[in-house]
Amino acid sequence: MKYCLECGSKLELKFLEHEGDIPFCHTCNAYRFPVFNVACSMIIVTKDRKKTLLVQQYKKKKNILVAGYVNKKESAEEAAKREIMEEVGLQVDKLIFNQTSYYDKSNTLMINFIAFVDQIQVCPNDEIDSFQWFTLDEALHNIAENSLAQKFYSLFYEKVKHHEI
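Residues numbered from 1 in each chain as written. Predicted model: local features only at pLDDT ≥ 70, side-chain atom pairs only at ≥ 80, totals over all residues. Heavy atoms only, no water.

S.K.: Go over unusual backbone geometry, please, and point to the residues and values.
M.R.: In this model, Lys59 sits at a positive phi of 60°, which is unusual for a non-glycine residue. Here Lys59 is to be found in the loop between β5 (51-57) and β6 (66-69). (Helix = DSSP H or I, 4+ residues; strand = E, 2+ residues; numbered from the N terminus.)

The structure is reproduced here in structure tokens:
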């Protein structure tokens, strides 16, 4: 954050005891803690752990995870279930936290979940260009390379291999 969200003045780092260097607005005489977006992405898996769903969006030919922003007054878990229902029409039976990662391009803290579903009949909305169910091994090799989706999926895959999930 380079500018004050209240007055627009340029921020400078100033030491704050027990916090370290924090952006400070001399005009408002106030510290401005970082502000960022919060979103979630989901690894959608069948209950038997044999298939996972990858999607393509925005006319990009890259397989990624279903994702979306967390709305005001909504928990990340609620957002994850809502986004899955909205984008692919699947009801989540069980949701497990996987990992978080900051995504610099959109100033977003991404919270990743593993979402277990019973049904495989996908009813995509207009945000989804295409979708495909993959075996867990196939998904590992078909997810967008060097992406946050790949990072999250690889961690999930290792957990499944080691019977942690």
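Having seen the model, we can carry on.
S.K.: Break down the nonpolar core for me, with residues and values.
M.R.: In this structure, Met42, Ile44, Leu53, Ile84, Val88 and Leu90 are the most contacted members of the largest nonpolar core, which totals 20 residues. Only β4 (37-46), β5, α1 (76-88), β8 (108-117) and β9 (128-135) provide two or more residues apiece to this core. With five residues, the top contributor of residues to this core is α1. If we skip the residues at most four places from it in the chain, Ile44 touches Lys51, Thr52, Leu53, Val66, Ile84, Val88, Leu90, Ala115, Val117 and Trp133. One finds Val45, Leu65, Ile114 and Tyr153 within the second-largest nonpolar core, a separate group that totals 19 residues. (Core = buried A, V, L, I, M, F, W, Y, C linked by side-chain atoms within 4.5 Å. Buried < 20%, exposed > 50% of the residue type's maximum accessible area, 1.4 Å probe, protein only. Contact = heavy atoms within 4.5 Å.)

S.K.: Any details on the sheet that holds strand β3 (residues 30-31)? Residues and values, ideally.
M.R.: With antiparallel pairing, three strands are arranged side by side in an open sheet as β1-β2-β3. Edge positions in the open sheet fall to β1 (12-16) and β3, since each of these has one partner strand only. For strand β2 (residues 20-25) and β3, the ladder comprises two bridges, and the chain directions are antiparallel. What sits directly across from Phe24, in β3, is Tyr31. (Pairing = 2+ DSSP bridges.)

S.K.: An account of the layout of surface pockets is needed here, citing residue identities and associated values.
M.R.: Of the voids in this model, the largest pocket is the one considered here, and its volume is about 810 Å³. Lining the largest pocket are 26 residues, and of these Tyr58, Ile64, Ala67, Tyr103 and Met110 sit closest to its centre. The set of elements that each furnish at least two residues to the lining of the largest pocket consists of β4, β6, α1, β8 and α3 (148-161). Class assignment of the residues belonging to the lining of the largest pocket gives a composition of twelve nonpolar, seven polar and seven charged. (1 Å grid on protein atoms, 1.4 Å probe; cavity = no way out; pocket = protein on both sides within 12 Å on 5 of 7 lines; lining within 4 Å. Points joined across faces, edges and corners; volume = space filled by probe spheres on them. Nonpolar A, V, L, I, M, F, W, Y, C, P; charged D, E, K, R; others polar.)

S.K.: Can you lay out the packing of aromatic side chains for me, pointing to particular residues and giving the numbers?
M.R.: Centre distance and the angle of the planes are the two values used to describe a pair of aromatic rings. Going through the model one piece at a time under the given rule, you end up with four aromatic pairs. Between Phe24 and Tyr31 the ring centres are 4.9 Å apart and the planes differ by 70°, which places this aromatic pair in the edge-to-face class. For Phe24, a relative accessible area of 3% translates into the label buried. The partly exposed category is assigned to Tyr31, whose relative accessible area is 24%. On the basis of an interplanar angle of 80° and a centroid distance of 6.3 Å, the ring pair of Phe97 and Phe113 is categorised as edge-to-face. (Phe/Tyr/Trp six-rings, centres within 6.5 Å; stacked < 30°, edge-to-face > 60°.)

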